[in-house]
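# Observations on the three-dimensional arrangement
Single-letter residue listing:
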Amino acid sequence: MKIISLEQASHVAKLAELELSSDELDKITSQLDDILGHVAKINEADTEGVRPTSHTLDTNNVLREDTVKDSLSQEDALKNAPQQSGGGFLVPKID
Amino acid sequence: MNKYMNNNTGEMAKYEAVIGLETHVELSTNTKMFCGCALSFGAEPNTRTCPVCLGLPGTLPVINSKAVQFAIKTALALNCSINKSSIFHRKNYFYADMPKNYQISQYNRPLASNGFLDVDMGSYVRRVGITRVHMEEDTGKLIHTGSSGRISESDASIVDYNRAGTPLIEIVTEPDIRTPAEAKEYLIALRNIILYLDVSDCSMEQGSLRCDANISLKPAGAKSMGTKTEIKNLNSFRFIQRGLEYEYKRQAGLLEEGKKVLQQTRHYDHLTDTTSALRLKEEAHDYRYFPDPDLVPLIMDKDAVQDIKREIPELPGEKIKRYLEVFGLPDETARLIASDKDTAQYFDRCANILGPGKLKAAANWITGDFAAYLNKESLKIKQSGISAESLCSLIEMIEGGRISSKIAKSVFEEMAQSKKEPQDIIMEHNLEQVSDEGELSKIIDEVIAANDEVVQQVKDGKDKAIGFLIGQVMAKTKGKANPALVNGIMSKKLKK
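Residues numbered from 1 in each chain as written. Chains lettered and ligands numbered in written order. Predicted model: local features only at pLDDT ≥ 70, side-chain atom pairs only at ≥ 80, totals over all residues. Heavy atoms only, no water.

What follows is about the overall build of chain A. Counting its secondary structure elements, chain A contains 3 helices and 3 strands. N-terminal to C-terminal, the α/β element order of chain A is α-α-β-α-β-β. Taking 2.2 N^0.38 as the reference for a compact globule, 95 residues should give roughly 12 Å; the C-alpha atoms of chain A span a radius of gyration of 22 Å, well beyond that estimate. Along the first, second and third principal axes, the C-alpha set of chain A runs to 55 × 45 × 20 Å. Counting over 95 residues, chain A shows a buried share of 20%. Counting only contacts in chain A whose residues sit at least 6 apart along the sequence, the fraction spanning at least 24 positions is 40%. For chain A, the exposed area adds up to about 7,600 Å²; of that, 52% sits on carbon and sulfur atoms. Within chain A, one finds 9 positive and 18 negative side-chain charges whose respective centroids are separated by 2 Å. (Helix = DSSP H or I, 4+ residues; strand = E, 2+ residues; numbered from the N terminus. Rg over C-alpha atoms; globule rule 2.2 N^0.38 Å. Buried < 20%, exposed > 50% of the residue type's maximum accessible area, 1.4 Å probe, protein only. Contact = heavy atoms within 4.5 Å. Areas by Shrake-Rupley, 256 points an atom, 1.4 Å probe, with all protein chains shown as cover. Lys, Arg positive; Asp, Glu negative; His and termini not counted. Charge placed at Lys NZ, Arg CZ, Asp CG, Glu CD.)

Structure (structure tokens):
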């Protein structure tokens, strides 16, 4: 059963900023298709009268008070940045 | 304004504009939407971040309860129904303004929906439907390096995540707006309500109130909708109107030539007063929303919503109504006062002190000399240093005949300068109005004796000449003589 087409897989790869060779794309498409086929089994479950759920935890309204906590120093905030400039993260041109 | 546009004179336009607005408002909470970092505009870059808002692995967002309250308050003021259950979604995209590669937003189960805002256009009221009010987090800021600062000409960008995670509400209207002027008035009214609610500073310069507009044209009276464009970068009331006017003209021109309007996102440039198409990747709008597994649903019970509803103050529309119907203020004065929350509060305090008989005098001062002074000094009423109590005692002195209204103006000026109480200024400069008939009579006799010629003119029936004589009395008393009394005594003496 084909659930995902080559075009759809290519689109998803683009959205994920992945550059795939056509061999890789073939392979990924078939792997994604297997995964989706497996997950599709869930559609066989009888959901008649079951309310849609957005979360597996049976809890809601987890909120916090609007109280200020310490932030990181600029130095710590930038520690993982491969490149920085003027206190900011330096990133390549975005097009 | 151009030949295609309805210019409010009742002339039928060839094309009717269909406009909808999306407004983002940064909430003035102490902390961000999902973490305890402080909000602060203009702080050193990346000094208001933490592992949560930097999107570091293993962190979890926790919703700011104050932001939820502020959002509900706003939604209620816009006549929305608060949805019993709402959830947060991830809006996925790759851009360095969000370190997580997604923005937490709301999608198919927003906080509130189905409201409206009545926009007063003077000669008519436009009811603008509010489709939804939802919550989300703001993005970081990118500074594009290179001389022009434009994305297309830069080779790198510097990212500051101080703003990332700031609580935002997005307010989406129905496509109910019909003219660029209505769009502007809608935004002014929306901003004023939010300022009354005290949930945002709504500064368009600092970007805490931002607006995108969707506009399409259709032949007047037609039911079907045209192709719409979205205009971005409309960051002032004037630009909203100008950008939409330009876009109306552009689309009408295309339709006149039988060309198609392309569905585009366009950027408004206030320097050229035009819009131009933004080049966006075709897949840029595929955000693949899905419920954020890190956040559990928000359930709003009726009592909690009622509690928030009780906190909503009297809003501008209700204030204007009260000023007109209860206080009997002129329409323009009522609107002027209600258009600024602090001014309205100031006036309400004065009205309270002075009572119904004298509150109109307060309205006149506040919209007249006081407003002129604030305007001249570029001050807000709160910064004036003149308390409502001081202004009221000045008004009481005028109404009670202790000082003339002319003297009152200079007393007011000194109050503004020295922040002294009017009482003290009057004592200090001996400005109290002279209402002693004996004293005035004496001065009037002197003036009559010294101006034979003018006196004769008055006696010959030239009534206007009496003004000169009264002026002389005012000059002799340095403006302190009670003018009504002087007029009375003078007339009596001259008729003898």
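Text resumes after the structure shown.
All right, on to a nonpolar patch on the surface then. A surface patch of nonpolar side chains, amounting to about 220 Å² of accessible area, comprises Leu18, Leu20 and Ile28 of chain A. The residue Leu20 of chain A is located in the loop between α1 (6–15) and α2 (22–39) in this model. (Patch = residues over 30% accessible without salt bridge, like charges linked within 9 Å, V, L, I, M, F, W, Y side chains within 5 Å. Salt bridge = Lys/Arg side-chain N within 4 Å of Asp/Glu carboxyl O.)

With that out of the way, let us pick up the environment of Lys100 of chain B. All names here are of chain B. By the secondary structure assignment, Lys100 is in the loop between β5 (89–92) and β6 (102–105). Taking the relative accessible area as the measure of exposure, Lys100 reaches 17% and is therefore buried. Taking the C-alpha atoms as reference points, Lys100 and Leu54, 46 residues apart in sequence, are found 7.2 Å from one another. Leaving out residues up to four positions away in the same chain, Lys100 has contacts with Gly55 and Glu137.

We now examine the confidence of the model for chain B. On average, residues of chain B score 90 in pLDDT, and 95% of them are at 70 or above. Residue range residues 6–11 of chain B is modelled with pLDDT below 50. Its contacts to residues more than four positions away, or to other chains, number 5 contacts. (pLDDT = per-residue confidence, 0-100.)

A few words now on the interface of chain A and chain B. Chain A puts 37 residues into the contact, and the matching count from chain B is 52 residues. With both sides pooled, the region where chain A packs onto chain B buries about 3,600 Å², and carbon together with sulfur makes up 57% of that total. Seen at the junction of chain A and chain B, the total is 18 residue pairs in polar contact (both at pLDDT 80 or more). Mapped by element, the contributors of at least two residues to the side of chain A that touches chain B are α1, β1 (63–64), α3 (74–77) and β3 (88–92) of chain A. Residue contributions to the side of chain A that touches chain B peak at 5 residues, all from β3 of chain A. By residue class, the composition of the side of chain A that touches chain B is 14 nonpolar, 15 polar and 8 charged. Bridge count between β3 of chain A and strand β10 (residues 156–160) of chain B: 4 bridges; the pairing is antiparallel. Along β10 of chain B, the bridge assignment pairs Phe89 of chain A with Val159 of chain B. (Buried area = accessible area lost by both parts, 1.4 Å probe. Polar contact = N/O pair within 3.5 Å; in protein donor to acceptor, adjacent residues only side chain to side chain. Nonpolar A, V, L, I, M, F, W, Y, C, P; charged D, E, K, R; others polar. Pairing = 2+ DSSP bridges.)

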